[in-house]
Amino acid sequence: MKGMPVELRVLVEGLDHPEGVAVAGDGSLWAGGEAGQLYRIAEASAEQVATTGGFLLGLAVDGSGSVFACDVAARQVARIEPESGRVEVHSRGTPQRPMVNPNWPVFDGAGNLYVTDSGRWKGNDGCIFRIDASGVTTVWSEASTNFPNGACLDASGKWLLVLESLPPALVRIRISDDGTAGEREVVAELRGTVPDGVCLDEDGLAYVCCYRPDRILTVDPDGGVDVFADDPEGTILSAPTNGVFCGNDLRTLVTGNLGRWHLTACEPGPRGLPLRYPVLG
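Residues numbered from 1 in each chain as written. Predicted model: local features only at pLDDT ≥ 70, side-chain atom pairs only at ≥ 80, totals over all residues. Heavy atoms only, no water.

A word on the overall build of the protein chain
Quick reminder of the rule: By the criteria applied, helices consist of DSSP H or I runs no shorter than four residues and strands consist of E runs no shorter than two, each listed in order from the N terminus. Our radius of gyration looks at C-alpha atoms and nothing else; its globule reference is 2.2 Å times the residue count to the power 0.38. Here a residue-residue contact requires only that any non-hydrogen atoms of the pair lie within 4.5 Å. Accessible surface area values rest on a Shrake-Rupley calculation with a 1.4 Å probe, where residue burial reflects the displayed protein chains alone. Only four residue types enter the tally: Lys and Arg on the positive side, Asp and Glu on the negative side, with His and both chain ends excluded. A charged residue contributes its charge at one atom only: NZ of Lys, CZ of Arg, CG of Asp or CD of Glu.
In terms of regular secondary structure, the protein chain is built from zero helices and 24 strands. Here the protein chain has a C-alpha radius of gyration of 17 Å; the compact-globule value for 281 residues is 19 Å, and the two agree. When the backbone C-alpha atoms are referred to their principal axes, the protein chain occupies close to 50 × 40 × 35 Å. Taking contacts inside the protein chain between residues at least 6 apart in sequence as the whole, the part at least 24 apart equals 46%. Per element, the accessible surface of the protein chain, about 11700 Å² overall, is 47% carbon and sulfur. Here the protein chain contributes 22 positive and 38 negative side-chain charges, whose respective centroids are spaced 4 Å apart.

Regarding the sheet that holds strand E19 (residues 206-212)
Stated precisely, the cut-off is as follows: One bridge is not enough; two strands pair if DSSP finds at least two bridges between them. Note on method: axes are straight lines fitted to C-alpha atoms, helices fitted across the in-contact stretch only, with angles between N-to-C directions ranging 0 to 180 degrees.
The sheet built from four strands is open, its strands ordered E18-E19-E20-E21 with antiparallel pairing. Across the chains shown, the open sheet's two edge strands, defined by having one partner strand only, are strand E18 (194-200) and strand E21 (225-230). In this sheet, neighbouring strand axes are inclined to one another by 30° on average, regardless of whether the strands run parallel or antiparallel. For strand E20 (residues 215-219) and E21, the ladder comprises five bridges, and the chain directions are antiparallel. Across the sheet, the residue bridging to Arg215 is Asp230, located in E21.

Here we look at the pattern of salt bridges
Quick note on the threshold: Take a side-chain nitrogen of Lys or Arg and a carboxyl oxygen of Asp or Glu: if they are within 4 Å of each other, that pair is a salt bridge. Buried residues are those whose accessible area, probed at 1.4 Å on protein chains only, stays under 20% of the maximum for their type, while exposed residues exceed 50% and partly exposed ones sit between those limits.
Using the criterion set out here, one finds 15 salt bridges in the structure. Here Glu164 and Arg184 are joined by a salt bridge, their closest N and O atoms 2.9 Å apart. Here Glu164 is found in strand E15 (residues 159-165), whereas its partner Arg184 is found in strand E17 (residues 181-189), with 20 residues between them in sequence. A relative accessible area of 1% places Glu164 in the buried class. Using a relative accessible area of 31% as the deciding quantity, one classes Arg184 as partly exposed. The network of salt bridges with shared partners includes Arg40, Glu47 and Glu83.

Some thoughts on the sheet that holds strand E14 (residues 148-153)
Pairing is antiparallel in the open sheet, where four strands are placed in the order E14-E15-E16-E17. Either end of the sheet is taken by a strand with one partner, and the two such strands are E14 and E17. Taken over all neighbouring pairs, the strand axes of this sheet differ in orientation by 25° on average, direction set aside. Relative to E17, strand E16 (residues 168-175) is paired through six bridges, and the arrangement is antiparallel. From the neighbouring strand, Ile175 faces E17, where its bridge partner is Ala181.

Digging into the packing of aromatic side chains
What counts here: Within 6.5 Å between ring centres, the rings of Phe, Tyr and Trp (the latter by its six-membered ring) count as paired, and their orientation is classed by plane angle as stacked under 30 degrees, edge-to-face over 60, tilted in between.
In the structure shown here, the tally under the stated rule is five aromatic pairs. Where Trp121 meets Phe147, the ring centres are 5.0 Å apart and the plane angle is 80°; that geometry is what we call edge-to-face. You can see Trp121 sitting in the loop between strand E11 (113-117) and strand E12 (127-131) and its partner Phe147 sitting in the loop between strand E13 (137-141) and E14, a full 26 residues away along the chain. Given the relative accessible area of 44%, Trp121 is considered partly exposed. You can call Phe147 buried: its relative accessible area is 12%. Aromatic ring contacts, followed pair by pair, group Tyr207, Phe228 and Phe245 into a single cluster.

A closer look at the pairing of E12
Within E12, five of the five residues are buried, which leaves it mostly tucked inside the rest of the structure. Both faces of E12 are covered, namely the face carrying Cys127, Phe129 and Ile131 and the face carrying Ile128 and Arg130. Pairing geometry for E11 and E12, over five bridges, is antiparallel. Across the sheet, residue Leu113 finds its bridge partner in E12, namely Ile131. Turn length for the E12-E13 hairpin, with the two strands adjacent in sequence and antiparallel, is five residues, and the turn residue Gly135 shows positive phi of about 100°.

Observations concerning the pairing of E11
Summarising burial for E11: five of the five residues are buried, a large majority. Because side chains alternate across E11, one face comprises the buried residues Leu113, Val115 and Asp117, and the other comprises Tyr114 and Thr116, equally buried. As defined by bridge partners, strand E10 (residues 102-107) adjoins E11 across five bridges and the pair is classed as antiparallel. Looking at E11, one finds that Pro105 is bridged to Val115. Counting the residues between successive antiparallel strands, the hairpin from E10 to E11 contains five residues, one of them, Gly111, with a positive phi of roughly 95°.

Read these as layout, nothing more, since geometry by itself doesn't imply function.
In structure tokens:
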């Protein structure tokens, strides 16, 4: 590990095996639960504001505050209005290719929502959907098939970074000027891990949460891999799945822990890369 060991702490407890975490444009923090719960996180407390009745994986928030949640049990992306608790279906894929394992959603500035569909474990049958701002779903890329999992956009908005869990790798796919997908490029192989979620800081360093072992890696833009945080006991980091930068200065990294009932927080130093919050029609 380079530099001083990072200090990890429990941010909030009492959640139901949280996998997805997300931050809204107003700075509010959100998390999901394995029985479909959507939690609002505030001042070290968690308030359940809605439920889909399914199992929430990845979350993304638009400019109006709606939360878009990958519900793996229902095989759909749900749109949740936190103030009313209303839940509606946003996408189930396409008629020719329905969603199997919707895992992580990412907004670009134009309101397109990129959604990884992991497919079946060891099935090599994943893909990436794109749901445009009007709600039309297409299969955007079939280049990433090896259980595509967490994803994020780079600072330019021209590359979608995707974690493939098996075999483990961080890859990227070019977003062409016409919106179509380019070829898949390997950024780094992540041997000996099951990577799950990824987010970026403002320097382009990727923070990779690993479902196995209980670890967070960093991957630099040239593909160099380091251990950022590790928990051999699996208590404060327990199957860390996804991370997001939050706080007024985006310097706090918060991760979910699918293996336990809390969110973990730390301060890596650099600011997180701001996300995009389009207002949909």
